[in-house]
Structure formats: C-alpha cells, structure tokens
Amino acid sequence: MDNPREDTPTDQYRTRGAFTLSGVRADAETQGMEAGFAAVHVELKAKAREQEDMEEKVQEHEAVISGCDRVVDRIVRSFDLRLFDLCDKNRDAPRYRRYFPEGLRSVTEADAREVEPKMVRDILKALDEDKDKPGMKPLHEEYFARLLGAVEAVEVADAACTKVEEQLAFLKEKTIPDVKRRWVEERIKLHADLTKKFPNDAARVESYFRRFAKPRKKKGAPVEG
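Before going into details, it helps to say that this report is about the structure given with it. This one's a predicted model, so the numbers in the text were calculated from it and none came from an experiment.

**Considerations on helix H1 (residues 10-26)**
Part 1: For H1, which comprises 17 residues, the first-to-last C-alpha distance of 24 Å matches the rise-based estimate of 24 Å (1.5 Å per residue) to within 8%.
Part 2: By the burial criterion, the buried members of H1 are Gln12, Tyr13, Arg16, Gly17, Thr20, Leu21 and Val24. Buried residues of H1, viewed axially, fall in a sector of 150 degrees; they line one side.

**Describing the packing of H1 against helix H2 (residues 35-86)**
Part 1: With their axes 10 Å apart at the nearest point, H1 and H2 run at an angle of 150 degrees to one another. Judged on the interaxial angle alone, H2 and H1 are roughly antiparallel. For the pair H1 and H2, the crossing hand works out as left-handed. Contacts between H1 and H2 involve Thr10, Tyr13, Arg14, Gly17, Ala18, Thr20, Leu21 and Arg25 from the first element and Phe37, Ala38, His41, Leu44, Lys45 and Ala48 from the second.

**What to know about the environment of Tyr99**
Part 1: Along the chain, the position of Tyr99 falls in helix H3 (residues 94-99).
Part 2: The buried category is assigned to Tyr99, whose relative accessible area is 3%.
Part 3: If sequence neighbours within four positions are ignored, Tyr99 has contacts with Phe79, Leu83, Ile123, Ala126, Leu127, Asp130 and Met136.
Part 4: At a separation of 3.2 Å, a polar atom in the side chain of Tyr99 contacts the main-chain carbonyl oxygen of Ala126.
Part 5: Among the polar contacts made by the side chain of Tyr99, one reaches the main-chain amide nitrogen of Leu127 at a distance of 3.4 Å.

**Points about the pattern of salt bridges**
Part 1: Here the structure, examined in full by the defined rule, presents 25 salt bridges.
Part 2: A salt bridge links Asp178 to Arg182, with the shortest nitrogen-to-oxygen separation between them at 3.3 Å. Placement of the pair is Asp178 and Arg182 together in helix H6 (residues 137-197), with a separation of 4 residues, close to one helical turn.
Part 3: Classification of Asp178 as partly exposed rests on a relative accessible area of 32%.
Part 4: Among the charged side chains, a salt-bridge network with shared partners connects Glu43, Asp178, Arg181, Arg182 and Glu185.

**Regarding the packing of H1 against H6**
Part 1: Interhelical geometry of H1 versus H6 gives an angle of 30 degrees and a closest axis separation of 12 Å. Judged by the inter-axis angle, H1 sits roughly parallel to H6. The handedness of the crossing between H1 and H6 is left-handed. Contacts between H1 and H6 involve Thr10, Tyr13, Gly17, Thr20 and Val24 on the former and, on the latter, Lys180, Trp183, Val184, Leu190 and Leu194.

What counts and how
Residues numbered from 1 in each chain as written. Predicted model: local features only at pLDDT ≥ 70, side-chain atom pairs only at ≥ 80, totals over all residues. Heavy atoms only, no water. Helix = DSSP H or I, 4+ residues; strand = E, 2+ residues; numbered from the N terminus. Expected span 1.5 Å × (residues − 1). Buried < 20%, exposed > 50% of the residue type's maximum accessible area, 1.4 Å probe, protein only. Arc of directions from axis to C-beta. Axes fitted to C-alpha atoms, helices over the stretch in contact; angles between N-to-C directions. Parallel < 35°, antiparallel > 145°, perpendicular 65-115°, else oblique. Left-handed = near helix turned anticlockwise from the far one by under 90°. Contact = heavy atoms within 4.5 Å. Polar contact = N/O pair within 3.5 Å; in protein donor to acceptor, adjacent residues only side chain to side chain. Salt bridge = Lys/Arg side-chain N within 4 Å of Asp/Glu carboxyl O.

Laid out in structure tokens, this is it:
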C-alpha cells in the first residue's frame, strides 16, 4: 500500500478512500473494520466541499467588488471632466494635478481593492479642503457625497471578501492538512489490522487499496537514471 504525497490532490483521497471503504464493507470477513477510517473519510469529504463552497463565495464577493468599482470609476471619470473644464482643459494645471498627479487612468485602472480606494479617499480629502475655493463649491456639492458613498461600498465589499478569504486560507492551510494527516493514519491502521487478520495473504490485503496516481513528468524534464 502506498500513501499520498504532499502534493496529492484531495480528489484522490476521496476516490481511493471510497474504493477501500466499499471493498472492506462488501467483504463479510472484514465488514466493520473500516469504521475508524470511514469517520475521518467523511470528515475530509465535508471539508473538501466546504472549501469548494468558500471558493465560490470568494468569486461572488469579487463580482460584487467589481460592480462597486465600476460605479466608482464612472463617478471619478465624470469628476475628472468637470475638473478638466474648470482648469481650462489643461491637465498640467496645479489644481488638476492636485487631484490626478499621474492622470485619470492611474486612479480608474488601479487595483480595485487595495490601491484605488486609498486614491479616491485622497481625492475626497482634497475636495473637502477645496470646497470654499473659487469654482470648487459646485463640484463639492455634486461629487463629494457620491464619491464617498461609492468608495465606502467598495470598502464594505472588500472587507466581506477578505473575511471569507481568510477563512478559506485557514481551511486550506490548517484544517484540511490536519484531516488528511488523520486520514492517512487511519488508513495505515486499517492496513495493519487487515494484515493481522490475513497474515499469510498479502495480496488480499493489498486488494482493498488502490494506489495513488503518480505526478506526470513535465515535458523537457531530465530523466532520472
């Protein structure tokens, strides 16, 4: 009997485990011996499904973030046009550069979760400071609340996504590896119990276990010899 490697996918645990459990249960002479292994196998399948559900949930949250980011970008572009007009269509004007020192696209094409919200917060801070300066009051009245609401929506969506991402990371890095370790231990124990029951029939013992697939060699990899 072989054991899974560190990089063996969870799906192989599921299929190999199902094979062993079915074989032991179906044999009148071994039926019931699989109980310990069966318990941890069920646990591993549940955790694997939980991982799949969380991965889908992350995608759902990312879609929400994407939608919120589109709203922010739309408002920022509109604000840019109004500010551009106020600066006599001169993007090198100090007033324009105060809001877009590296241009509009540096904001709208920035990372939607980490970078752009901070840049929009800077725009809001500048806009609030400038609200009493010549020509800026109408822009403040039209854009401050809209920009604030839009960036807050992104931040809320990002926080919700981050929470699930952290839960998923813990599941993948801590929980599932621990369950896999116990899965292997119970499988080894079952193999030992079967060996004790059939000490002179190694072939029969091995027949309850299906080997794990070996990783495919990458093209161009050196051949060991």
